[in-house]
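# Coordinates in review
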Amino acid sequence: MEGNDLPADLDAFLAGHGAEMIGFRRDLHAHPETGYAEHRTTRRVALRLAAAGLRPVILPKGTGLLADIGGPPENPSFAERPVVALRADLDALPMADEKSVPYRSTVPDACHACGHDVHTTVLLGTGLFLASQAEAGLLPGRVRLIFQPAEEIGTGALDVLAAGGLASVGRIFALHCDPRLDVGRLGIRSGPITAACDKIVVRVSGPGGHTARPHLTADLVYALGKIVTELPAMLSRRVDPRSSLSLVWGRVSAGSAPNAIPDDGIAEGTVRCLDDEAWHSAPELIKELTDSVAAAYGVTAELTYQRNVPPTVNEPVSAELFSSAAEGVLGADALTHTPQSLGGEDFAWYLESVPGALARLGTRVPGEPGSYDLHQPSFDVDERAIGVGIRVMAATALTALWDDSTATAAEPPVRESLTHASAPYAGADTRDARYGGDAGPFRGPSPHGQR
Ligand SMILES: [Zn+2]
Ligand SMILES: [Zn+2]
């Protein structure tokens, strides 16, 4: 890489900033903020980036921020090169912190039990390192830091997209803590890594009547039973089994007397899926199947399909870039294949627009049994994971910039709010508009209430 020594540069950076980064994480851990309330966290990150000479932009709702490093106009020869985006999430969970550590949460019913304090700190450190690389003329393009709000709510990524945060981005990368993996290790996979989980409600209605004469009415309980048993079976024959699309009911209810056919009933369940294409086709298919079973028994079925996040599907080239970059700074032994999870992750929204990948950052203290899990009130990490994460993210950004020199940047995602004047990244010549003109680094454009 142009004769510079990335591992040595990272060693020097971490020797100088490692303690600061651990302190930063502990401060965030002690002051957790839940989705869309991340004001203090946003301010702390923005101040630190500004101190390093960067010009962060706060998202319209007031939490979450974007900051670009390097690229044009500092170096016009990189003008055509797509931006590489790195993403972290800022929010904590609405639950009590049950650890006894000096940096335990000071906020009742808020806790960084999903490691987003670690993700934020890793991205901050990566940004500081890359800013120093850019100053030394060693950053071959532009990197965008995305600190998004409200991942646990599942919508923070959509705020970034609405603000034009993916404009000119060619690839995007993110890490998530994994308490089942030793610190120093990185779990990668190509293809689906997290699942979609949608909710469905089927309301069935009919005329009702006497159980002695089902032929004179519509036997609603029988029809509901058919819907409950037939739908999962039919789906398994209509959808590619590799997509792991599964419908499981959690609540079924109808009727009040043994000898009366009720006039309504309800079934509620979840649809989980590991394949993006199957996820997109699921609502229409489930509606078609529900209607066909209902029609056969003379009842009416009304389907409510509630979307959550899509599955996160790692793009193969991006997953490969992640692997080779991590191998270069951690060694080949650090890499491991990670299994699919049926949990959800709103990073998936970005991957609907641009290629990218999510990797799992080991946070377990080596030799300790897997005593912590994500979303547990006692969740904590081996803080050496922060340095590992900074190494991996910095190396991945640089590797992707070099590799993507011929790739084309993604068109900004088509979202209505992109055309709104207040979208910070929406302008064609974006430099000034993007950074809010003279509004100063901490005042983004005015909220535009698009959601
Ligand atoms: Zn979580
Ligand atoms: Zn999380």
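Let me sum up the structure you'll find in this document. All of these numbers come straight from a predicted model, not from anything done at the bench.

Calculation notes
- Residues numbered from 1 in each chain as written.
- Chains lettered and ligands numbered in written order.
- Predicted model: local features only at pLDDT ≥ 70, side-chain atom pairs only at ≥ 80, totals over all residues.
- Helix = DSSP H or I, 4+ residues; strand = E, 2+ residues; numbered from the N terminus.
- Buried ≥ 20, exposed ≤ 12 C-beta atoms within 10 Å, placed from the backbone.
- Contact = placed C-beta atoms within 7 Å.
- Expected span 1.5 Å × (residues − 1).
- Arc of directions from axis to C-beta.
- Pairing = 2+ DSSP bridges.
- Axes fitted to C-alpha atoms, helices over the stretch in contact; angles between N-to-C directions.
- Parallel < 35°, antiparallel > 145°, perpendicular 65-115°, else oblique.
- Left-handed = near helix turned anticlockwise from the far one by under 90°.
- Nonpolar A, V, L, I, M, F, W, Y, C, P; charged D, E, K, R; others polar.

Looking now at the overall build of the protein chain. Counting its regular elements, the protein chain contains ten helices and 16 strands. Relative to its full complement of 451 residues, the protein chain shows a buried share of 48%. For the protein chain, contacts bridging at least 24 residues in sequence account for 81% of all contacts bridging at least 6.

This part is about helix α2 (residues 39-51). Taking 1.5 Å as the rise per residue, α2 with 13 residues should run 18 Å; its terminal C-alpha atoms sit 18 Å apart, in good agreement. Looking at α2, one finds that the buried residues are T41, T42, V45, A46 and L49. Relative to the axis of α2, the buried residues are bounded by an arc of 125° and lie together on one face. Exposed residues pointing more than 90 degrees away from the buried face of α2 are listed as L47 and A51. Close packing links the buried residues of α2 with α1 (6-30), β1 (57-58), β2 (65-70), α3 (116-135) and β4 (142-148). Following α2 by one or two positions, G53 adopts a phi angle in the positive range, close to 90°.

Bringing the pairing of strand β8 (residues 196-205) into the picture now. Residues of β8 alternate between two faces, with A196, D198, I200, V202 and V204 buried on one and C197, K199, V201, R203 and S205 left unburied on the opposite face. The pairing of β8 with strand β12 (residues 264-273) spans ten bridges and is classified as antiparallel. Pairing of A196 across the sheet is with C273, part of β12. Relative to strand β13 (residues 300-306), β8 runs antiparallel, the two sharing seven bridges. Across the sheet, the residue bridging to V202 is L303, located in β13.

Between α3 and helix α9 (residues 384-403), the shortest axis-to-axis distance is 8 Å and the interhelical angle comes to 50°. Accordingly, the angle class assigned to the pair α3 and α9 is oblique. The crossing of α3 and α9 is right-handed. Residues V118, T121, V122, L123, G125, T126, F129 and L130 of α3 touch α9, and the partners they reach there are A385, I386, G389, I390, M393, A394 and A397. Its residues assigned to classes, the contact of α3 with α9 comprises eleven nonpolar, four polar and no charged.

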